[in-house]
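# Structure assessment
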Amino acid sequence: MGYDRHQRAAIRTAAASVVRQLTELTGTEPRVTAEREAVRIETDVTDTALMQWTRLLAVLELGAEYGVIRTSGGQIAWLRIA
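The written sequence of each chain sets the order in which its residues are numbered from 1. Per-residue local features of the predicted model are confined to residues with pLDDT of at least 70, and side-chain atom pairs are confined, for both listing and counting, to 80 or more; whole-chain, interface and lining totals are unaffected and use all residues. Neither water nor hydrogens contribute to the side-chain values; these are computed over all heavy atoms in the structure.

The α-helix winds at 3.6 residues per turn, so residues separated by three or four positions along the chain end up facing the same way. The buried label applies to any residue whose accessible area, calculated with a 1.4 Å probe on protein chains only, is under 20% of its type's maximum; exposed applies above 50%, and partly exposed to all values in between. Strands here are runs of E lasting at least two residues and helices are runs of H or I lasting at least four, both read from the DSSP assignment and numbered beginning at the N terminus. Those residues of helix α3 (residues 53-60) that fall on the buried side of the exposure criterion are L56, V59 and L60. Buried residues in α3, looked at end-on, bunch into an arc of 100°, giving them a common side. To obtain the arc, one takes the directions from the helix axis to the C-beta atoms.

Structure below.
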């Protein structure tokens, strides 16, 4: 029981750090979705973020899974912290 509580706290802490970094990189507020044992974070890939692609990629790599999807409105980068 204690392990689960500590694990959830670690996920929340990591997610807060990622959100802060993505906000700085993109100039927009990421969207955060709580999952059962993880957090999914999505952000729009802005021109500002594209100019710092290697830094954006380094932040995405903090997730257990990550990727970029294309939508009709542009690109969305996402990662999952488990």
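Residues V18, L22, I41, L56, L79 and I81 are the most contacted members of the largest nonpolar core, which totals 16 residues. Among the secondary structure elements, those contributing two or more residues to this core are α1 (2-26), β2 (39-44), α3 and β4 (74-81). Here the element with the most residues in this core is α1; it accounts for six residues. In what follows, a contact means two residues having at least one pair of non-hydrogen atoms within 4.5 Å. Apart from residues lying up to four places away in sequence, L22 is in contact with G27, T28, P30, I41, T43, L56, V59 and L79. Nonpolar cores are built from buried Ala, Val, Leu, Ile, Met, Phe, Trp, Tyr and Cys residues. Side-chain atoms within 4.5 Å join them into one set.

In regions of low pLDDT, the predicted coordinates are not meant to be interpreted in detail. For every residue, the pLDDT score states the predictor's confidence, bounded by 0 at the bottom and 100 at the top. On average, residues of the protein chain score 94 in pLDDT, and 96% of them are at 70 or above. Ranking the helices and strands of the protein chain by mean pLDDT puts β2 first, with 98, and α1 last, with 91.

A carboxyl oxygen of Asp or Glu within 4 Å of a side-chain nitrogen of Lys or Arg is what we treat as a salt bridge. The final tally for this structure, using the stated rule, is seven salt bridges. The residue R31 makes a salt bridge to D44 at a minimum N-O spacing of 3.1 Å. In this pair, R31 is assigned in strand β1 (residues 31-34) and D44 in strand β2, connecting sequence segments 13 residues apart. By relative accessible area, R31 is classed as partly exposed at 33%. Note that E37 and R36 form a salt bridge whose closest N and O atoms lie 3.7 Å from each other.

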